[in-house]
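Coordinates in review
Chain residues, written in single-letter form:
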Amino acid sequence: MSLLQRMERAQKAKEAAEAARNGAQATDAPSPDATAGEQSTAVATAPTALPQNGNPATPVGVPVGPGTTDAATVGPATPRGPMRPTGTPTRDDLIREVRLQLQAEVVGAFKTLLDAKENEVHPKIEGLVDRVITRGGFAVTRDERERLVEEMVHDVTGFGPLEPLLADPTITEVMVNGPDHIYIERKGKIQRIDSVFLNDQHVLRVIDRIITPLGRRIDESSPRVDARLPDGSRVNAVIEPLSLVGPVITVRKFSKTPYTVDDLVKFGTATPEMFQFLDACIQARLNLF
């Protein structure tokens, strides 16, 4: 037999093997004409093995439909715990909602609170806080209630969230860059704190409380103002359209105990001879530049 004949025979044997394999796959595959109902009937009538106790066992190796997993392989479903609903309000959101409602109550009763005596403001604010909490069904702790009362008292009689910062002798500067960003300077270092204003209107009310006793005003036609607090601290405020982040306040505080000559000499700011020269200039009533 020649080489060409042997190659032809091998090629025919290979084609015959492929034809036999394709025919076997076509026989095993479900007919495209078969409906879903016929397939489900075939699955439902599959025999189920019965153990000796008479209870039907889980069918093993019985297909449960195209694209699904064998039931015996999966096993019993693992129970899931209760899923937390998305968008659940946090504790901070609840306290913020209480603050917003309290702000509305305080603004509505502002004139009455201002006309009240100093010893009557705190009880009136407590009544407002209790009424808002009861009406809204808010669950707040005793500490949270007391903090809300103090914040509202500061809004009525002081400068709102700035009040405790201005009372802190270790803070030398307070910077408000919009309602959500408050920074302080302590020992020469600037840091951000957690206190915030509720919104732009809240910051504007504090600015008005600072500048109104001084006869100043701030609005769109005059969006920048300089003022002083009763203790002498310098205040600068800027609003829209000059400010792009909301109302801005800067408070430069003065120390309650001013530095003396001895302090400046001890700090190394000046020498004793410099102060002697200044003293001589003052005694001689000279012009100083």
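Residues numbered from 1 in each chain as written. Predicted model: local features only at pLDDT ≥ 70, side-chain atom pairs only at ≥ 80, totals over all residues. Heavy atoms only, no water.

Quick notes on the confidence of the model for the protein chain
Quick note on the threshold: A score between 0 and 100, pLDDT records how confident the predictor is in each residue. Pairs of residues are marked as contacts when any of their non-hydrogen atoms sit within 4.5 Å.
Mean pLDDT over the protein chain stands at 75; residues scoring 70 or higher make up 71%. Here residues 32-86 scores under 50 on pLDDT; set against residues more than four positions off or in separate chains, the count is 22 contacts.

Some details on helix α7 (residues 142-157)
To be explicit about the condition: Helical segments are the DSSP runs of H or I of at least four residues, strand segments are the runs of E of at least two, and each set is numbered from the N terminus. By this rule the span expected of a helix is its residue count minus one, scaled by 1.5 Å. Per-residue accessibility, obtained with a 1.4 Å probe over protein chains only, is compared with the maximum for each type, and a residue is labelled buried under 20%, exposed over 50%, and partly exposed between these values.
Here α7 spans 22 Å end to end across 16 residues, near enough to the 22 Å set by a 1.5 Å rise per residue. When we look at burial in α7, the residues that qualify are Glu144, Leu148, Val149, Met152, Val153, Asp155 and Val156.

Focus: the sheet that holds strand β3 (residues 189-192)
Counted only if it meets this: Should DSSP find at least two bridges between two strands, the strands are regarded as paired. Under this scheme, a helix contributes an axis fitted over its contacting stretch, all axes are lines through C-alpha atoms, and angles between N-to-C directions fall in the 0 to 180 degree range.
What the six strands build is an open sheet, ordered β3-β2-β1-β6-β5-β4; its pairing is antiparallel. What marks the edges here is a single partner per strand, and that holds for β3 and β4 (224-228). With direction set aside, neighbouring strand axes in the sheet form an average angle of 15°. Relative to strand β6 (residues 248-252), strand β5 (residues 234-238) runs antiparallel, the two sharing five bridges. The residue of β6 that forms the bridge with Val238 is Val248. Of the strands in this sheet, β1 (171-177), β4, β5 and β6 are in contact with helix α9 (residues 200-211), which crosses β4 at around 55°.

Quick notes on unusual backbone geometry
Negative phi values dominate among residues other than glycine, just as trans dominates among peptide bonds. At the junction of Glu240 and Pro241, the peptide bond is cis and its omega measures out at 5° in the coordinates. Within the secondary structure, Pro241 sits in the loop between β5 and β6. Positive phi outside glycine occurs at Lys187, with the angle close to 55°. Note on placement: Lys187 falls in the loop between β2 (182-186) and β3. Relative accessible area serves as the criterion here: at 77%, Lys187 is assigned to the exposed category. Positive phi values are uncommon outside glycine, yet Arg285 reaches one of about 55°. Structurally, the position occupied by Arg285 is in the segment after α11 (272-283).

Quick notes on the nonpolar core
Our working rule: To define a nonpolar core, start from buried Ala, Val, Leu, Ile, Met, Phe, Trp, Tyr and Cys residues and group those joined through side-chain atoms within 4.5 Å.
By size, the foremost hydrophobic cluster in this structure holds 25 residues, and its most contacted members are Leu162, Leu165, Val174, Ile207, Ile210 and Ile249. Among the elements of the structure, α8 (163-167), β1, β2, α9, β4, β5 and β6 are those that each provide at least two residues to this core. Per-element accounting of this core gives the leading share, five residues, to α9. Setting aside residues up to four positions removed in sequence, Ile249 forms contacts with Leu162, Val174, Met175, Val176, Val203, Ile207, Val235 and Asn236. Residues Leu102, Ile125, Val129 and Val132 belong to the second largest nonpolar core, which totals 16 residues.

Regarding the pairing of β3
Where β2 lies against β3, four bridges are found, and the strand directions are antiparallel. Within the sheet, the bridge partner assigned to Tyr183 lies in β3 and is Arg192.

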